[in-house]
Amino acid sequence: MAVRQTVRVRVNGLERVAETDVRRTLVDFLREDLGLTGTHVGCEHGVCGACTVLMGGQAVRACIMLAVQADGAELLTVEGLASPDGTLHPIQEAFREKHGLQCGFCTPGILMTTCELLASTPSPSTEEIKDWLSGHLCRCTGYQQIIESIQLAATRMASDQMVLSAQ
Amino acid sequence: MKPPRFEYFSPRSLSETVAILAEHGDGAKVLAGGQSLLPLLNMRLARPSVLVDINRVSRLDTVRPHGTGGVAIGATVRQRSLHGDPTLLDRLPILGTASQFIGHQQIRSRGTICGSLAHADPAAELPALAVALEAEMVASSASGERVLPAADFFVDYLTTVLEPTEVLTEVRFPGPPAGMRWAFLEMSRRHGDFALAGVVAGLSTSDDGSSIKAARLVVFGVAGTPVRASAVEAALVGQPPTDSVLTDAAAEATRLLDPPADVHGSGAYRRALAQTLTVRALQACRESHGTAEPAT
Ligand SMILES: Cc1cc2nc3c(=O)[nH]c(=O)nc-3n(C[C@H](O)[C@H](O)[C@H](O)COP(=O)(O)OP(=O)(O)OC[C@H]3O[C@@H](n4cnc5c(N)ncnc54)[C@H](O)[C@@H]3O)c2cc1C
Ligand code: FES
Ligand code: FES
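Residues numbered from 1 in each chain as written. Chains lettered and ligands numbered in written order. Predicted model: local features only at pLDDT ≥ 70, side-chain atom pairs only at ≥ 80, totals over all residues. Heavy atoms only, no water.

Draft legend 1. Examining the domain arrangement of chain A more closely. All names here are of chain A. Domain annotation of chain A identifies domain 1 (4-80) and domain 2 (90-166). The distance between the C-alpha centroids of domain 1 and domain 2 comes to 22 Å. Listed by partner, the interface residues are 18 residues for domain 1 and 13 residues for domain 2. Between domain 1 and domain 2 the total buried area reaches about 1200 Å² when both faces are included, carbon and sulfur atoms providing 64% of it. Linking domain 1 with domain 2 are zero salt bridges, by the criterion used here. Along the contact surface separating domain 1 from domain 2 lie five residue pairs in polar contact (both at pLDDT 80 or more). Of all the secondary structure elements, the ones that give two or more residues to the side of domain 1 that touches domain 2 are strand 3 (52-55) and strand 4 (58-61). In the side of domain 1 that touches domain 2, the residues fall into nine nonpolar, eight polar and one charged. (Domains from an automatic or database assignment. Contact = heavy atoms within 4.5 Å. Buried area = accessible area lost by both parts, 1.4 Å probe. Salt bridge = Lys/Arg side-chain N within 4 Å of Asp/Glu carboxyl O. Polar contact = N/O pair within 3.5 Å; in protein donor to acceptor, adjacent residues only side chain to side chain. Helix = DSSP H or I, 4+ residues; strand = E, 2+ residues; numbered from the N terminus. Nonpolar A, V, L, I, M, F, W, Y, C, P; charged D, E, K, R; others polar.)

Draft legend 2. Quick look at the side chain of Asp28(A). Along the chain, the position of Asp28(A) falls in helix 1 (residues 26-33). With a relative accessible area of 6%, Asp28(A) lands in the buried category. Beyond its immediate sequence surroundings of up to four residues, Asp28(A) is in contact with Asp33(A), Glu44(A) and Lys2(B). (Buried < 20%, exposed > 50% of the residue type's maximum accessible area, 1.4 Å probe, protein only.)

Draft legend 3. Representation of the pairing of strand 1 (residues 4-11) of chain A. All names here are of chain A. In this sheet, strand 2 (residues 14-21) lies alongside strand 1 in antiparallel orientation, the contact comprising eight bridges. What sits directly across from Arg 4, in strand 2, is Asp 21. The pairing of strand 1 with strand 5 (residues 74-76) spans two bridges and is parallel. Each residue of the ladder has a partner; that of Val 11, found in strand 5, is Leu 75. (Pairing = 2+ DSSP bridges.)

Draft legend 4. Inspection of the interface of chain A and chain B at higher detail. Listed by partner, the interface residues are 31 residues for chain A and 32 residues for chain B. Summed over the shared surface of chain A and chain B, the result is three salt bridges. Where chain A meets chain B, there are 17 residue pairs in polar contact (both at pLDDT 80 or more). Of all elements in the fold, only strand 3, strand 4, helix 3 (107-120) and helix 4 (126-133) of chain A reach the threshold of two or more residues within the side of chain A that touches chain B. Here the side of chain A that touches chain B gets four residues from one element, more than from any other, and that element is strand 4 of chain A.

Draft legend 5. How the structure looks around the site of ligand 1. Every one of the 34 residues lining ligand 1 counts as a neighbour, but Val30(B), Ser36(B), Leu37(B), Thr112(B) and Glu125(B) are closest to it. Around ligand 1, the nearby residues trace back to chains A and B. The contact in question runs from a nitrogen atom of ligand 1 to an N or O atom on the backbone of Leu168(B), over 2.8 Å. Alone, ligand 1 offers 970 Å² of accessible surface; in the complex the protein occludes 94% of this. Mapped onto the shell around ligand 1, the elements with two or more residues apiece are strand 2 (28-31), helix 6 (113-119) and strand 10 (167-173) of chain B. Looking at the shell around ligand 1, the element that brings in the most residues is helix 6 of chain B, giving four residues. Counted by class, the shell around ligand 1 contains 17 nonpolar, 14 polar and three charged residues. (Near = heavy atom within 4 Å. Areas by Shrake-Rupley, 256 points an atom, 1.4 Å probe, with all protein chains shown as cover.)

Printed below as a string of structure tokens:
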């Protein structure tokens, strides 16, 4: 069995292939092998949430998963949120408006968790938001603005949905 | 930090898996959800020479009904299924209630139910539930299959009777005794942290609620393994479920505990916590008697 292996993933809609060490974590693979440095690395043991990405639509820790385990998977990272023309995703826009970030270290992970939360629960209660956020540490904001950002994003995305379905 | 070097295998079948484990024995580790093993590798607290990733092994990812009211859960079924899978929710809702205490949503999306049992953290929820619900573990190796009752499975802190050449393929939860009401309580400093102490309690009473027919009581986070208070369970039978009876039972169930101290709390604090949680859990079981929903 080799200590290096080819890993093929679809990241943000694009097919990416790279050879990597089997001991490479997914977050290092994204950052070092694919050059996608938007996903941050904090604690490297699953606690802080900075490295959170979506795999098959589910928020997972990229620091405690091997890159080889993601072979064949569909991934979404923070780079995949804004449109190619730079228009922010409604979640990003809401975080900007509501001051949901200061230093921004925790933000990419929190945005990805918010994606899954709002996809599965379009109008989450404050309690539900807090429950999902419990998987993330933020040393700057005190969390209150993050909760407000998510609430704003939920309201906007729900009304966008209504406009879409009315059309 | 980064994981040390290892050889990586990703078998597709159980026979391939057990053959690799038989060949590499002590140096090999099974990789399931990775939510405990990868942190250990990153911190270099574990240095296996071989990782056997079971995530692509066929037929381990199923939940199926087992006996009357029970469920059998395969090795790669994620913890998030506990609060999403219809068979599990329908048959053993107490597992769903308790699962909300396991880390965070992001952890439960990868972490497996069997992985938590094999890891055997004394503060983990699932080992305590397995003991309380009298689950059975199915362990496979190149030489065959063993079925191990939860009562004999957990040996000590992070230690089970599993051999290095064995893989846990399934956990079977039998249907709980008819009419039993369950409660699960734990205390941690932050939501999602491992418990400082916790309890799984079950109570069934006569139709008019005046006397206890059967009881289950397991405390965890207070010793090397979950602790079942069998003598207290037996002594409760036939008694009225009054506050004083339940309070005495909780005192007796936790009297001999000698929990370890750490930065999160002293041994004495943990024991007091276990006792208080036990009273509340037993009361919650009693209060939910006659209602449609199990206690949470
Ligand atoms: C931030 C964070 C918070 C957490 N909080 C909690 C919590 O509150 N409560 C809790 O219970 N857990 C918690 N966990 C741990 C989590 O539940 C793990 O998922 C679980 O302990 C191990 O399951 P796994 O599938 O991830 O196993 P892995 O990490 O893959 O494996 C763990 C160990 O079990 C062995 N193993 C796994 N599966 C098998 C098998 N089928 N056969 C034989 N051996 C096997 C491995 O070899 C390894 O030694 C937390 C984890 C993190 C990162
Ligand atoms: S870097 Fe992955 S959870 Fe902290
Ligand atoms: S904005 Fe700085 S850690 Fe969250």
